[in-house]
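# Coordinate inspection notes
What follows is the residue order along each chain.
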Amino acid sequence: MALTDPVAGSFAGKRLFIHEENKLQFGYTTADFNSRDLKHLFPARPLLFLKQVHSARIVSDAEWRVGSEADGLLLERPGMVAVIQTADCLPLFFCDDSRRRGGILHVGWRGLQQGIEEKLIARLGKELGDFSFFLGPAIEKSCYEVGEELLGLFAEKSYGERIFSPVRPGKYSLDIRSGLELSLLSAGVAAERISGCGLCTYCSRGLFPSFRRDGGSGRRIFNFLLLKGNGPAGA
Ligand SMILES: [Zn+2]
């Protein structure tokens, strides 16, 4: 059961992308939203924010504390909202077929280099085959230029230098999306279980914030995922 693309919607006149089904709700906001709007979107739901530190650390809802330093959230109980903030980094959504476990990872080049998706794969263990993945809006390779010093840091990866393309002397474009996809595929995730929105934050002026384009404006995309209760009344 693949995760289908969140569709454009609005909440109190503000744009967002949201996917809703019986037991699952996930999506991402636009530049219109702030954290207060997000709270209004989920009244009476605990919002699990992280202190994101570009690490490979993942916490479950049971392990989560206010101020937890981590870059991945794994929900194993219904009713709470996982929140990951991005502004060019890639939010990786995931959920199993029963919609009982799911979450979001924050994946920038540091997270990818440290293998945050490998940590998730190890944690899901033999249940990995029941999970589907969705790559949210992030800076695309054509807009993401990095220095050549990064190449060596990825030398040990199974995908190696395939995610770097030379653009000018000493500079390469970096394709985080491909790195994640190749890593998931090499771990045994079926290709049909990996999908994504294909939206570039840098190119989407007026829609998404972009750290590279806007500098330190402080604006972020709020990526959210909620497991709903399994009973008819919902959680
Ligand atoms: Zn772009």
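Residues numbered from 1 in each chain as written. Predicted model: local features only at pLDDT ≥ 70, side-chain atom pairs only at ≥ 80, totals over all residues. Heavy atoms only, no water.

## What about the coordination of the zinc ion?
Bound to the zinc ion are the protein donor atoms Cys143 (SG), Cys200 (SG) and Cys203 (SG), situated 2.2 Å from the metal. Written as a sequence motif, the donor arrangement for the zinc ion is C-x56-C-x2-C. Of this pair, cysteine 143 sits in the loop between strand S10 (131-135) and strand S11 (145-147) while cysteine 200 sits in the loop between strand S14 (194-196) and helix H6 (211-214), placing them 57 residues apart in sequence. Residue class for cysteine 143 comes out buried when judged on its relative accessible area of 17%. With relative accessibility at 6%, the residue cysteine 200 sits in the buried group. (Donors = N, O, S within 2.8 Å, 3.2 Å for Na, K, Ca; no water. Helix = DSSP H or I, 4+ residues; strand = E, 2+ residues; numbered from the N terminus. Buried < 20%, exposed > 50% of the residue type's maximum accessible area, 1.4 Å probe, protein only.)

## What to know about the nonpolar core
Core analysis: the largest hydrophobic core is formed by 37 residues, its most contacted members being Leu90, Leu92, Leu105, Val107, Phe133, Phe164 and Leu174. Listing elements by their share of this core, those giving two or more residues are strand S8 (90-96), strand S9 (102-107), helix H2 (109-114), helix H3 (116-124), S10, helix H4 (149-153), strand S13 (171-174) and helix H5 (176-186). Top element by residues in this core is H3. It accounts for four residues. Beyond its immediate sequence surroundings of up to four residues, leucine 90 is in contact with Leu105, His106, Val107, Leu135, Gly136, Ala138, Ile176, Arg177 and Leu180. (Core = buried A, V, L, I, M, F, W, Y, C linked by side-chain atoms within 4.5 Å. Contact = heavy atoms within 4.5 Å.)

## Some remarks on the layout of surface pockets
Counted as a void, the largest pocket has a volume near 490 Å³. Among the elements of the structure, strand S7 (81-86), H2, S11, H4 and H6 are those that each provide at least two residues to the lining of the largest pocket. Take the lining of the largest pocket: its biggest share by element is three residues, from S11. The class makeup of the residues in the lining of the largest pocket is nine nonpolar, seven polar and six charged. (1 Å grid on protein atoms, 1.4 Å probe; cavity = no way out; pocket = protein on both sides within 12 Å on 5 of 7 lines; lining within 4 Å. Points joined across faces, edges and corners; volume = space filled by probe spheres on them. Nonpolar A, V, L, I, M, F, W, Y, C, P; charged D, E, K, R; others polar.)

## Looking at the packing of H3 against H5
Between H3 and H5, whose axes approach to 10 Å, the crossing angle comes to 25°. In terms of their interaxial angle, H3 and H5 are classed as roughly parallel. Crossing hand, H3 versus H5: right-handed. In contact with Glu117, Glu118 and Ile121 of H3, H5 contributes Leu180, Ser183 and Leu184. Looking at the contact of H3 with H5 residue by residue, the classes come out as three nonpolar, one polar and two charged. (Axes fitted to C-alpha atoms, helices over the stretch in contact; angles between N-to-C directions. Parallel < 35°, antiparallel > 145°, perpendicular 65-115°, else oblique. Left-handed = near helix turned anticlockwise from the far one by under 90°.)

## Some remarks on the pairing of strand S12 (residues 164-168)
Inspection of the sheet shows S12 paired to S13 by four bridges, in the antiparallel sense. From the neighbouring strand, proline 166 faces S13, where its bridge partner is tyrosine 172. Count of turn residues in the S12/S13 antiparallel hairpin: two residues, of which glycine 170 carries a positive phi of about 80°. (Pairing = 2+ DSSP bridges.)

## Let's talk about the sheet that holds strand S3 (residues 24-29)
Taken in spatial order, the six strands of this open sheet run S1-S2-S3-S15-S7-S4, and their pairing is mixed. At either end of the open sheet lies a strand with only one pairing partner, and these are strand S1 (7-11) and strand S4 (47-48). In this structure, S1 lies alongside strand S2 (residues 14-20), joined through five bridges in antiparallel fashion. Of the residues in S2, the one forming a bridge with alanine 8 is phenylalanine 17.

By themselves, these are just geometric observations and shouldn't be taken as functional.
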